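Notes for the structure review
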Amino acid sequence: MERIPRLWLLLWGSQRCSRKIRFVTMNLLSFESICIFLLSQVMQCSASLDVLFLLDGSYSIGKGGFERSKHFAGKLCDALDIHPDRVRVGMIQFSSTPHLEFSLDSYLTKQEVKDRIKRTVFRGGSTETGQALKYILHKGFPGGRNSSVPEVLIIISDGKSQGSTAMPAMQVKERHITVFAVGIKFPRWEELHVLASEPPERHLLFAGDAEDAANGLYSTLGDPVCTATAPGCKVESHPCERRTLETVKELAGNYVCWKGSKQPNAVQASLCPFIRWKRVLIKHPSRCFRTVCSDPCDSQPCQNGGTCVPEGLDRYHCLCLLGYGGDAHCAAKLSLECSVDLLFLLDSSAGVTLEGFLRFKAFLKRFLQAMVGQDSPLSVGVAQYDDSVVIAIEVGQHKDVFSLMKSIDALNFSGGRTLTGRALQYIAQHGFRSTPVFADVQDDLPRVVVLLTDSKSQDSVAEAAKYVKDQNLLLIGIGSSFMRAELTMVTGNPQQTIAYSDPQDLFNRMPELQRKICSVGSPEGCQAQSLDLAFAVDASSGVGLENFLHLRHFVRSSCLHFVINRDVTQIALVIYGSRAHTVFALDTHTSSSAVLQAIDQAPFLGDSASAGSALLHVYSDVMTVQKGARPGVNKVLVLLTNGAGMQDAAAPAQQLRHNGILVFVVIIGDTERDTLLRVAGSPTYLVHISSYEDLQYYQGLIIERICEEARTPVNLCKPSPCMNQGVCILGPGSYRCQCHGWEGPHCETRVVRGDSPRSPALPPRSHVQWSPRGLQPFSRALQHSKRQMDQRH
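In short, a report on the structure. (Residues numbered from 1 in each chain as written. Predicted model: local features only at pLDDT ≥ 70, side-chain atom pairs only at ≥ 80, totals over all residues. Heavy atoms only, no water.)

Helix and strand counts for the chain stand at 21 helices and 30 strands. Burial status across the chain gives 50% buried among its 793 residues. If you take every contact in the chain between residues at least 6 apart in sequence, the share linking residues at least 24 apart comes to 70%. Total accessible area computed for the chain in this model is approximately 37,100 Å², and 51% of it derives from carbon and sulfur atoms. (Helix = DSSP H or I, 4+ residues; strand = E, 2+ residues; numbered from the N terminus. Buried < 20%, exposed > 50% of the residue type's maximum accessible area, 1.4 Å probe, protein only. Contact = heavy atoms within 4.5 Å. Areas by Shrake-Rupley, 256 points an atom, 1.4 Å probe, with all protein chains shown as cover.)

Shown next, in the form of structure tokens:
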């Protein structure tokens, strides 16, 4: 953690020792902000001790001053370990006469005492401090332990008594009662000096500085009354001031006055002095005492800009910046966890402004410091653009983080036009032309371009974005919210776009950027996750032929993201108008080429739309064991429609979900959202797209949601693998079918010639065990069973 100038103030807090306030200056984002961290711990006197508060409740204090006195008394209680066997506390309020508020044996816990102090009511009257001291001399400490333990009297007053206090104060101290005099408002310190025990500078406190005064109380009681000062702590004296208001005479000037004369019937004019009285703030220099403990944060244990917060005398924890916190000392928490060639393209045009450019630089530094370890090989480059493009840091140029940070610091704002399209074209051609370390080693790492911009492009980006993709580069766009549409156009996929709402939100997106960068090295689709996937495509006249071809192309390109075979992903296609038709079932095709060829043959129907009939068709004739659906495999239906004919779709969609089939609704155009939500069941499974042309941009998002479902736990009995009204019964990691009039593991064989039904046709107590590798034999067995049934019929 960088050492910086610090201002230290004392603070009283909450547990066992005095702490300090550290004003820490942190460099956050591209500007400096000052954070104040209060580091505190209360010291407690845990000895056997009787403490009696004597609160001034006179009119000279007033209700406001009395409330401050109560607050201060409560603060002092924090320095006392209140318990029947340790510290006991009582209270007397005095004005014209003393009044016992509660005795020392009335309340047994700190919270009870503090609550009772808060409930104390101001009484009012003259300030008879001497009478109150005589009351204590006569009555002692009510509820106390009869001088068998040390006695402490804490007087909280403004020191403006109507009677003499010297004699009764001396008599109280002669009884070995330790007296603390606490000034409230602007007290008369001379009288408080008389009241306080010796030495007065250690027994005089000021209620206006409650935390410091509580520290002073503990510092004075610490040795020998309370336990000795904790290791690492010491009592220090420091200069302080005692303030009061005094009324003084002041010569304001002279005025003409008339005086008598020796001559009869005559007067004499003269100048007379004009005196006025004023209240003056008087400061009395003094010395105060406090206990100061060594700070475990003085060694600056927090790295990477983390802030140290002490927890006691020898413990602390670090508040880490985003991206750090890998250990207790704010080591880098995030890492790329993937090997890529990474190039950052920073917008340096006038539209971004200098502030925005500096923000991007700060984000880039923070991201690389968090993601790239000190010993990790670097394959990072940085370019900036406006009218022209400058590759300031070649990919792989720097071998350590320190030199990379220095080069980023050297980037300067240029402020020209925003030609994002031209910049992308240039980077695709020249951004990754670094020479490999060895001539015979080819750099075949995935290549990623991260575009940071906050200004609309002044040239076309569509062709440039296509060119970037043709060069097999992953393009990720980062910008503020109003740039979302253009960034989606540039990247071609909203999943490759990060739109932040404010500057701090940009820094909060670091983990999201890390995931997106590393997604380039991961295989597409759900890969090893088994999945039964069906598409239901609206082929009605409301969609039209041209838009139907868009939908069909979307299904075709989506299938390219999946490994299609009996063991991994099975795909079915349904088209619908007023009625639904299965183009091919889940078990029809076992390869990608066959599926793609079959999709191209799907016809346009052209009549009215009924999404409800399509969902019922999927429920009864597609997602069934007879049609190739596999037990123990997640099942997803993607409904592609313009929203027409959805009125009857909610009930069958709910039926599909009840049977364990996720319904994912993709709507193109304007449709009532409430109806769509009833069909999708949740906003998570509803994607609303404005036009058919934009459908391609949402493919990544839709496939990601599908694959999330493929990774969720599976109910082996949903949908039921049992045929012919058999009942599926779950077991631990297995299921069995209870058959009626049928037999076999899935009730696929009819009982003939009066044989008694056997269900299932397995040894007693046997179960069908599920595993992904067992799916292919299961599918073949079902096909064989269906052929047998067809031959019998």
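Here we come to the pairing of strand S12 (residues 307-310). Every second residue of S12 is oriented toward a common face, with Thr307 and Val309 on one face and Cys308 and Pro310 on the other, all of them buried. Bridge analysis of S12 against strand S13 (residues 316-319) gives four bridges, and the strand direction is antiparallel. Bridged to Pro310 within S13 is Tyr316. (Pairing = 2+ DSSP bridges.)

Right, let's get into helix H9 (residues 401-409). Turn by turn, an α-helix covers 3.6 residues, leaving residues three or four places apart pointing in a common direction. When H9 is considered as a whole, its buried residues turn out to be Val401, Ser403, Leu404, Met405 and Ile408. Against helix H8 (353-371), strand S15 (380-385) and strand S16 (389-393) lie the buried residues of H9. For H9, the side-chain oxygen to backbone nitrogen distance between the N-cap and Phe402 is 3.1 Å, and the N-cap itself is Asp400. (Polar contact = N/O pair within 3.5 Å; in protein donor to acceptor, adjacent residues only side chain to side chain.)

Turning to the pattern of salt bridges, a few remarks are in order. Proximity of charged atoms lets side chains of opposite charge pair with each other. A full pass over the atoms with the stated rule returns 16 salt bridges. Residue Asp532 is joined to Arg630 by a salt bridge in which the shortest nitrogen-to-oxygen separation is 2.7 Å. Residue Asp532 is found in strand S20 (residues 531-538), and its partner Arg630 is found in the loop between helix H17 (611-621) and strand S23 (634-641); the two are separated by 98 residues along the sequence. Considered together, Asp532 and Arg630 belong to a single accessibility category, that of buried residues. Overlapping salt bridges, with partners in common, bring together Asp505, Arg509, Glu512 and Lys516 in one network. (Salt bridge = Lys/Arg side-chain N within 4 Å of Asp/Glu carboxyl O.)

Take the state of the cysteines next. This structure, assessed with the given rule, holds five disulfides. In this model Cys302 forms its disulfide with Cys318; the gap between the sulfur atoms is 2.0 Å. Residues Cys302 and Cys318 are joined by a disulfide whose S-S torsion is about -85°; by sign, that bridge is left-handed. Of the two residues, Cys302 is situated in the loop between strand S11 (267-293) and S12 and Cys318 in strand S13; the sequence distance between them amounts to 16 residues. With its sulfur 1.8 Å from that of its partner, Cys717 forms a disulfide with Cys728. Handedness here is read from the sign of the S-S torsion; for Cys717 and Cys728, about -65°, the answer is left-handed. (Disulfide = S-S within 2.5 Å.)

The next subject is the packing of aromatic side chains. If you walk through the whole model with that rule in mind, you get nine aromatic pairs. Ring centres of Phe102 and Tyr107 lie 5.4 Å apart, and the angle between their planes is 75°; on these two criteria the pair is classed as edge-to-face. Note on Phe548 and Phe604: the rings are 5.7 Å apart at their centroids and 50° apart in plane angle, and the pair reads as tilted. Taken as a pair, Phe548 in helix H15 (residues 545-559) and Phe604 in the loop between helix H16 (592-600) and H17 lie far apart in primary sequence, 56 residues in all. Relative accessible area serves as the criterion here: at 1%, Phe548 is assigned to the buried category. (Phe/Tyr/Trp six-rings, centres within 6.5 Å; stacked < 30°, edge-to-face > 60°.)

Another aspect to go through is the packing of helix H10 (residues 420-430) against helix H11 (residues 462-470). Following both chains from N to C, one finds H10 and H11 inclined at 15°, their axes separated by 8 Å at the closest point. With respect to H11, the axis of H10 lies roughly parallel. For the pair H10 and H11, the sense of crossing is left-handed. Residues Gly421, Leu424, Gln425, Ala428 and Gln429 of H10 form the contact with H11, whose own contacting residues are Ala464, Tyr467 and Val468. Looking at side-chain class alone, the contact of H10 with H11 contains five nonpolar, three polar and no charged residues. (Axes fitted to C-alpha atoms, helices over the stretch in contact; angles between N-to-C directions. Parallel < 35°, antiparallel > 145°, perpendicular 65-115°, else oblique. Left-handed = near helix turned anticlockwise from the far one by under 90°. Nonpolar A, V, L, I, M, F, W, Y, C, P; charged D, E, K, R; others polar.)

Let us now look at the sheet that holds strand S21 (residues 569-576). In space, the six strands of this open sheet follow the order S22-S21-S20-S23-S24-S25, with mixed pairing throughout. Unpaired on one side and paired on the other, strand S22 (580-584) and strand S25 (686-689) mark the two borders of the sheet. Across the sheet, the mean angle separating the axes of adjacent strands is 20° when strand polarity is ignored. Here S23 runs beside strand S24 (residues 661-668); their pairing, made up of seven bridges, is parallel. Paired with Val636 across the two strands is Leu662, which belongs to S24. Across the sheet, helix H18 (residues 650-658) is in contact with S23 and S24; its angle to S24 comes to roughly 140°.

This part takes up the nonpolar core. By size, the foremost hydrophobic cluster in this structure holds 39 residues, and its most contacted members are Leu533, Phe535, Val537, Cys559, Val638, Leu640 and Val666. The set of elements that each furnish at least two residues to this core consists of S20, H15, S21, H16, S23, S24, S25 and helix H20 (699-710). Looking at this core element by element, the count peaks at six residues for H20. Within the second largest apolar cluster, 35 residues are counted, among which are Leu342, Met371, Ile478 and Tyr500. (Core = buried A, V, L, I, M, F, W, Y, C linked by side-chain atoms within 4.5 Å.)

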